[in-house]
Amino acid sequence: MGFDEKMDLDGRKENVAVDKRVREAGLRPTRQRIALADLLFAKGDRHLSAEELHEEAVAAGVPVSLATVYNALHQFTQAGLLRILAVEGAKTYFDTNTSDHHHFYIEGENRIFDIDSGPVTVANLPEPPEGMEIANVDIVVRLRPKRRE
């Protein structure tokens, strides 16, 4: 067992770092939140939908409904643990990397990944309305295979 893990009362490993992260975000560390957070953050920076996280949870033996997954993802987002990306109409992805960065999206494959090639510059942003400020600019560059000529 690693130094970040301990055994819970049912004899399962519990990730102390994830528990602490959830608590520090101001959320109560319920068993389901901790299990979902562990799945989300254990693999580094990722982009996934609620449905994908639900599938991972079921495969890992976490008894959780899709509605609970949606609720937890939105709570994690409001607490600053995730960033939400609306890409394809009703398709929403959640990003574990909350820093300012932009994305490529491959159409037809529903795959999204970070743009690693440095900062993207946006010129001539409009002035925000009175009493408002720009909080963030999200750029999603849509990709598709080159068409044969």
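Cut-off values and rules
- Residues numbered from 1 in each chain as written.
- Predicted model: local features only at pLDDT ≥ 70, side-chain atom pairs only at ≥ 80, totals over all residues.
- Heavy atoms only, no water.
- Pairing = 2+ DSSP bridges.
- Helix = DSSP H or I, 4+ residues; strand = E, 2+ residues; numbered from the N terminus.
- Salt bridge = Lys/Arg side-chain N within 4 Å of Asp/Glu carboxyl O.
- Buried < 20%, exposed > 50% of the residue type's maximum accessible area, 1.4 Å probe, protein only.
- Axes fitted to C-alpha atoms, helices over the stretch in contact; angles between N-to-C directions.
- Polar contact = N/O pair within 3.5 Å; in protein donor to acceptor, adjacent residues only side chain to side chain.
- Contact = heavy atoms within 4.5 Å.

**Description of the sheet that holds strand β3 (residues 47-48)**
- Reading across the sheet, the three strands line up as β3-β5-β4 and stay open at both edges, with antiparallel pairing between neighbours. Pairing within the sheet leaves two strands with one partner each, and these edge strands are β3 and β4 (83-88).
- Inspection of the sheet shows β4 paired to strand β5 (residues 91-95) by five bridges, in the antiparallel sense. In the sheet register, A86 faces β5, and the bridge partner there is T92.

**Section: the pattern of salt bridges**
- Scanning the model with the defined rule gives seven salt bridges in all.
- For E56, the salt bridge is made with K43, and the minimal N-O distance between the two is 3.9 Å. On the criterion of sequence distance, the pair formed by E56 in helix α3 (residues 50-59) and K43 in the loop between α2 (31-41) and β3 is long-range, its members being 13 residues apart.
- With a relative accessible area of 55%, K43 lands in the exposed category.
- For R83, the salt bridge identified is with D138, shortest N-O distance 2.4 Å. Taken together, the positions of R83 in strand β4 and D138 in the loop between β7 (111-114) and β8 (140-143) put the pair 55 residues apart, joining distant regions of the chain.
- Within the structure, one salt-bridge network assembled from shared partners comprises K43, R46 and E56.

**Describing the sheet that holds strand β6 (residues 103-106)**
- With respect to topology, three strands assemble into an open sheet ordered β7-β6-β8, the strand pairing being mixed. Because the sheet does not close on itself, it has two edges, and the strands there are β7 and β8. Here the average twist between neighbouring strands, direction ignored, is 25°.
- Bridging between β6 and β8 involves four bridges; their strand directions are parallel. Bridge pairing links Y105 to R142 in β8.

**Here we look at the side chain of D95**
- Take D95: it is sitting in strand β5.
- Reaching out from D95, the side chain makes a polar contact with the side chain of H103 at a distance of 2.9 Å.
- Ignoring any residue separated from it by four or fewer positions in sequence, one finds D95 in contact with R46, H47, L82, R83, L85, H101, H103 and D114.

By themselves, these figures tell us nothing about what the structure is for.
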